[in-house]
Protein chains: 2
Amino acid sequence: MNAMKSIAKKTILKPCFLLFTFGIILLAAASLYAAESDAELINRAKAIFGPLPASMPSSENPITPEKVKLGTVLFWESRISVDKTVSCAKCHPLGLYAVDGLRKSVGNNCKENPRNDPTILNAASQISEHWIGNRTSVEDQAKQALIGPPSFGMPDYGSVEKILKGMKGYVAMFKEAFPNEKDPVTVDNFAKAVGAFERTLVTPAPFDEFMQGNAAALTDQQKRGLRAFMDTGCMTCHFSPFVGGQMYQKFGVFEPYQKYTKSQSVDEGRFAVTKNPADKFVFKVPVLRNVAETPPYFHDGSVDKLTDAIMIMAKIQLAKDLSPAQADDIAAFLGSLTGKIPEAALKVPVLPSSE
Amino acid sequence: MNAMKSIAKKTILKPCFLLFTFGIILLAAASLYAAESDAELINRAKAIFGPLPASMPSSENPITPEKVKLGTVLFWESRISVDKTVSCAKCHPLGLYAVDGLRKSVGNNCKENPRNDPTILNAASQISEHWIGNRTSVEDQAKQALIGPPSFGMPDYGSVEKILKGMKGYVAMFKEAFPNEKDPVTVDNFAKAVGAFERTLVTPAPFDEFMQGNAAALTDQQKRGLRAFMDTGCMTCHFSPFVGGQMYQKFGVFEPYQKYTKSQSVDEGRFAVTKNPADKFVFKVPVLRNVAETPPYFHDGSVDKLTDAIMIMAKIQLAKDLSPAQADDIAAFLGSLTGKIPEAALKVPVLPSSE
């Protein structure tokens, strides 16, 4: 009987002990798995996106404090536009993450621009500027905007230089920014100064803290969204620390975009630049930093809601139907790309006197 | 001979001594006169203009930090205009001393406003707002601008409130600014918040240091200009610490203004408000603080140069022909009214999210 009891006791205790041990191991494994999962997610993210640089330098236009100072002032200057109402800041108001919130930007004399306003935050990181890549750099964009008919609308570069030379304050600042030049007040130097300013406009965000190893920087939903963003394939085009801006891609790989957007007309995209039929409906993949704060979406600003834009992109670029919950998750992740605008850029400079 | 010599010596020495003494006295008197003159000038100026206050309070709309914070944000808000391009900051860019530099401001859809853009710096100090005094206060101006056809152009106040209520960030800020109200997101509170912000926009200038007793705060030319400003009679209308804004006056007391300005059309001024024939061509006397930085001049922006504006004013308001040198002196004095814009107002606030 004793032996029986002992056996019985053992047979009862042993499974209990095993079950307990197994439970402990399971719990440990689960917590280990969770920790690994965050770490793994961080590592995957780092491999695809990588660390955000402090600025976006250019060997052709080195960033100097004097150029940035001048560029910051010129960014706000409206007296160099044909109707004196257009400055860089008009279409790129920094308080709205440097977009105007319109479907298409409006320049001098209420002229409509051909496409939606891309933010200038993090913009200098891209392979080119504008939706169709018809500007080679932020400097090129700044310069050409001066004579762009729907932007500043000036008749020629000489007219801009004449106005700037008429303001003593600018003459002094150009001299400081370009000390070795005899005649520094030029539109090329305007472009370099504005470009240097723009090259400082990097916006570190919670997602960067996450990639630096702080798993708590993203909420659970944002982590799910990050996974969905990568697993769905969005990062095939939206990679790099700027989450885009590094390549061109056809908008509407699987289906024409206008089937899902509310586009008023069809834009042939980069074809206008290259005349290559392969570039029809091709656009530059936009930077997604601060995207949650820069509606409306797409090259024509035809979609107002971020979740709608996400579902359309999955559908026509990747032939995937996201659930509304997945789109919400991805939107939450994209919200973690909303960053801090440099304090210096949020200061309004007092402009030189007119006389 | 000795006596003769002695007399001769005395007769030569005595006049020399007297001349020397007289010279010393003259020099002393001159320096005393100069010192008195500065002190006298300071006293005269203090009596006419008086000390600049730190802000422009209102018993109807007490300035609170929460209201100012909200007002600063709303000042930059363009999403509450009919074409989403108009914010207070559009016509009142702080980097240009809160004027747009146009002859007449341009609002939504490129609509021209009836008159030149008055700065909002120091504006709350005035008896009323707008050139013809058809706004009772900065709050009234801010509110009415929302539905002003050539400004924000919204169809009604309810539409503005609906947009603001759709942005969570604003709902929270209105609650903070108006903590005892059940439904704080109203255009009246918009007006109070923007008004509270504007009531902080006082710009201390070298002229204030001068009135505080620092004679070196003005150059000799500026002092001559100040004397000319007072002696010519400009201060008959341009008095108070804000150098204007305290009364209405006919523009063209001695001769019709359009005889000297480059006015495209004749504006009957305050007559439009009161329908009193005595108010024909009557306008509010503008504040002259920062006037050197806010061309073009007059209610229709018809004159570009400050010295031209000064000479025209002397001619048609006071029947006096100033010499170009006197006009230069007065312009130099007016330059001493260019003040320091409060740092807080020069910071661009990041606006609430659209969704």
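Being a predicted model, the structure only gives us computed values, none of them experimental.

1. Observations regarding the overall build of chain A
Within chain A, the regular secondary structure consists of 12 helices and two strands. Ordered by position from N to C terminus, the α and β elements of chain A give α-α-α-α-α-α-α-α-α-β-α-β-α-α. Taking all 355 residues of chain A together, the buried fraction comes to 47%.

2. Re the packing of helix α11 (residues 306-318) of chain A against helix α12 (residues 324-335) of chain A
Residue and element names in this part refer to chain A. One way to put it is that α11 packs onto α12 with a least axis distance of 9 Å and a crossing angle of 115°. For the element pair α11 / α12, the angle class is roughly perpendicular. You can see that α11 and α12 cross each other, and the crossing is right-handed. On the side of α11, the interface is formed by Leu306, Thr307, Ile310 and Met311, while α12 contributes Ala327, Asp328, Ile330, Ala331 and Leu334. Taken together, the residues of the contact of α11 with α12 break down into seven nonpolar, one polar and one charged.

3. Details of the relation of the copies chain A and chain B
You can overlay chain A on chain B at an RMSD of 0.0 Å; the transform is a turn of 180° with a shift of 0.0 Å along its axis. Between the two chains, the operation in question is that of a two-fold axis. For chain A, the residue whose C-alpha comes nearest the rotation axis is A:Lys347, separated from it by 2.3 Å. Most of the interface of chain A is mirrored in chain B: 100% of its interface residues are interface residues there too.

4. A word on α12(A)
Residues and elements named next belong to chain A. Across its 12 residues, α12 extends 16 Å between first and last C-alpha, which sits within 8% of the 16 Å expected from 1.5 Å per residue. Taken across its 12 residues, α12 has nine buried, putting it largely inside the fold. Residues of α12 that are buried sit in contact with α9 (220-232) and α11.

5. Some remarks on the interface of chain A and chain B
Tallying the contact residues gives 23 residues for chain A and 23 residues for chain B. Grouping the constituent residues of the side of chain A that touches chain B by class yields 13 nonpolar, six polar and four charged.

6. A closer look at the domain arrangement of chain A
Residues and elements named next belong to chain A. Per the domain assignment, the segments of chain A are domain 1 (65-202 + 342-346) and domain 2 (204-335). One C-alpha centre belongs to domain 1, the other to domain 2; they are set 27 Å apart. In this complex, domain 1 contributes 22 residues to the contact, which on the side of domain 2 involves 25 residues. For the side of domain 1 that touches domain 2, the per-class residue count stands at 10 nonpolar, nine polar and three charged.

7. Some remarks on helix α5 (residues 157-165) of chain A
Given 3.6 residues to a turn, an α-helix orients residues that are three or four positions apart in the same direction. Residue and element names in this part refer to chain A. Taken together, the buried positions of α5 are Val160, Glu161 and Leu164. Each buried residue of α5 sits inside an arc of 95° when the element is viewed along its axis, so together they form one side. Set apart from the buried face of α5 by more than 90 degrees, the exposed residues are Gly158 and Lys162. The inward-facing, buried residues of α5 abut α4 (138-147), α6 (168-177) and α7 (187-198).

8. Comments concerning unusual backbone geometry
Residue and element names in this part refer to chain A. In this model, Pro295 is joined to Pro296 through a cis peptide bond whose omega is -5°. Phi angles above zero are rare outside glycine, and Tyr97 is one such case at about 60°. By the element assignment, Tyr97 lies in the loop between α3 (88-91) and α4.

9. Observations concerning the packing of helix α4 (residues 138-147) of chain B against helix α7 (residues 187-198) of chain B
Residues and elements named next belong to chain B. At their nearest, the axes of α4 and α7 sit 8 Å apart, and the two run at 130° to each other. Of the possible angle classes, the one that applies to α4 and α7 is oblique. In the packing of α4 onto α7, the handedness of the crossing is right-handed. Here α4 contributes Val138, Glu139, Ala142, Lys143 and Leu146 to the contact with α7, which in turn contributes Val187, Asp188, Phe190, Ala191, Lys192, Val194, Gly195 and Glu198.

10. What about the environment of B:Val73?
All names here are of chain B. Mapping Val73 onto the fold places it in helix α2 (residues 65-75). By C-beta crowding, Val73 is classed as buried, having 21 other C-beta atoms within 10 Å. Along the primary structure Val73 and Tyr297 are separated by 224 residues, whereas in three dimensions their C-alpha atoms are 29 Å apart.

11. Let's talk about the environment of B:Asp328
Tracing the sequence through the fold places B:Asp328 in helix α12 (residues 324-335). A residue is classified by how many C-beta atoms lie within 10 Å of it, and B:Asp328, with 18 of them, is partly exposed.

12. Quick word on the confidence of the model for chain A
All names here are of chain A. Across chain A, pLDDT averages 93, with 90% of residues at or above 70. Contacts from residues 1-8, a stretch scored under 50 in pLDDT, to residues over four places away or in other chains number zero contacts. Scored below 50 in pLDDT, residues 32-36 makes zero contacts in the model with residues more than four places away or belonging to other chains.

So, how was this worked out
- Residues numbered from 1 in each chain as written.
- Chains lettered and ligands numbered in written order.
- Predicted model: local features only at pLDDT ≥ 70, side-chain atom pairs only at ≥ 80, totals over all residues.
- Helix = DSSP H or I, 4+ residues; strand = E, 2+ residues; numbered from the N terminus.
- Buried ≥ 20, exposed ≤ 12 C-beta atoms within 10 Å, placed from the backbone.
- Axes fitted to C-alpha atoms, helices over the stretch in contact; angles between N-to-C directions.
- Parallel < 35°, antiparallel > 145°, perpendicular 65-115°, else oblique.
- Left-handed = near helix turned anticlockwise from the far one by under 90°.
- Contact = placed C-beta atoms within 7 Å.
- Nonpolar A, V, L, I, M, F, W, Y, C, P; charged D, E, K, R; others polar.
- Least-squares fit on C-alpha atoms with pLDDT ≥ 70 in both.
- Expected span 1.5 Å × (residues − 1).
- Domains from an automatic or database assignment.
- Arc of directions from axis to C-beta.
- pLDDT = per-residue confidence, 0-100.

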